[in-house]
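Each chain, written out:
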Amino acid sequence: MPSIEIIGSGITGLSCAAFFAERNCDVTVISSSNGPDESCCSWWAGGMLAPWCEMESAEPLIGELGLETMKFWEKFTSSYQKKGTLVVATPRDLPDLKRFGRRTENWRQVKEDQITALEPDLAGRFTTGLYYPEEAHFDPRQVLPELVSYLESKGVKFQTNISLSNQELNVPSKADHRIDCRGLAAQDHLNELRGVKGEMLLIKSNEVKLSRPVRLLHPRIPLYIVPRDNGLFMVGATMIENENRSGATVRSVLELLSAAYALHPALGEAEIIEIGVDARPAFPDNLPRILHKGKTTYLNGMYRHGYLAAPAMAKRLVEQVLGENTAPDHFEQFCEPDLSTGNM
Ligand SMILES: Cc1cc2nc3c(=O)[nH]c(=O)nc-3n(C[C@H](O)[C@H](O)[C@H](O)COP(=O)(O)OP(=O)(O)OC[C@H]3O[C@@H](n4cnc5c(N)ncnc54)[C@H](O)[C@@H]3O)c2cc1C
């Protein structure tokens, strides 16, 4: 079977490794990070698998990839929790809740008593909401190492802490195929790629319990709180057209914390464990792309949908690279055919 060199061990590279390993290819993953760690965008994600909520602003393709990917995660990881998503709004933002409902599907309206039944700690706080029962979530920081262990058990080799220079990347790989999954770092080869800054917080509260991701509609930020183990909550995430990954701003942190406080005042007493920031790799249409150039294939542009879209995209990439023609028609417009000349 062909030898495959994958550059990058974020969710995109690991997803590609999983589907090549499944086809018994000889797979090596090379990464500048020490496995999946805080230097990857994938480390900072909320881990929401919310294809219906995402339809509020995303293209239908994301929903289709998301449904496929959720089947993959459900089988793959024990940390997959299908408890749905609850969307609520303060009285001031109730018109936004109506608009959110009009733009999305597969929800049911929930009144105060039903919100209490779903999330007892939110009793009396919101009069109406939308519940998306088919959505799921997990903790990316559990799933990424789980994926690495699985790949090692399948014979995938890892070379970590190796940052390939542009010069090395321009030399053809010794492997039969090179798969470039460098996320935003691939801007040197993919000139349309941009970064969309995302800031997040990790807070800890022993007073508030939530079972599922709760989205709080907000005029500027798509705010959400995702429960993790041991009283931890991920509060995310800003969406700023800016590639600066050096630090979160005071304004963003204030807005994220105010949202947590608006959801439940007891979260005002929570401990701040972490403030995180990264830039999501995105193409102008915010859709992922597979691009072929010589012996290198690029998978990139996961934007805010790495966990929702990468496995389904990786499956299509593997089918294309190995010459299996099973990609459905609706997808092909998003896969650019051989770009054998010029900078992409
Ligand atoms: C705050 C925040 C919240 C998010 N929440 C969600 C969510 O709830 N659900 C969801 O689906 N998505 C979410 N996302 C988006 C998701 O995190 C990204 O889409 C995804 O992480 C992109 O993954 P990637 O593997 O393409 O890139 P990365 O995770 O950045 O991985 C790139 C890899 O390439 C390696 N690399 C780079 N350059 C080199 C080089 N020269 N040589 C060798 N290796 C190299 C890096 O070390 C790394 O391993 C969120 C993002 C942010 C910032």
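A brief report on the enclosed structure follows. None of the values given here were measured: they were computed from a predicted structure. (Residues numbered from 1 in each chain as written. Predicted model: local features only at pLDDT ≥ 70, side-chain atom pairs only at ≥ 80, totals over all residues. Heavy atoms only, no water.)

### Structural notes on the pairing of strand β6 (residues 128-132)
A regular strand places its side chains on the two faces of the sheet in alternate fashion. Across the five residues of β6, five count as buried, placing the element largely inside the fold. Here β6 shows a buried face lined by Thr-128, Leu-130 and Tyr-132 and a second buried face lined by Gly-129 and Tyr-131. In the sheet, strand β5 (residues 108-111) pairs with β6 via four bridges, with the strands oriented antiparallel. Its bridge partner lying in β6, Lys-111 is registered against Thr-128. (Buried < 20%, exposed > 50% of the residue type's maximum accessible area, 1.4 Å probe, protein only. Helix = DSSP H or I, 4+ residues; strand = E, 2+ residues; numbered from the N terminus. Pairing = 2+ DSSP bridges.)

### Examining the sheet that holds strand β11 (residues 214-216)
One open sheet accounts for eight strands, arranged β5-β6-β4-β11-β12-β13-β10-β14; its pairing is mixed. In the strand order of this sheet, the two ends are held by β5 and β14 (271-282), each with one partner. Neighbouring strand axes in the sheet, compared pairwise and without regard to direction, differ in orientation by 25° on average. Two strands pair when backbone bridges link them, and strand β12 (residues 223-227) and strand β13 (residues 232-236) are joined in this way by four bridges, in the antiparallel orientation. Bridged to Tyr-224 within β13 is Gly-236. This element, helix α4 (residues 94-103), spans β4 (85-88) and β6 of the sheet and lies at about 25° to β6. (Axes fitted to C-alpha atoms, helices over the stretch in contact; angles between N-to-C directions. Contact = heavy atoms within 4.5 Å.)

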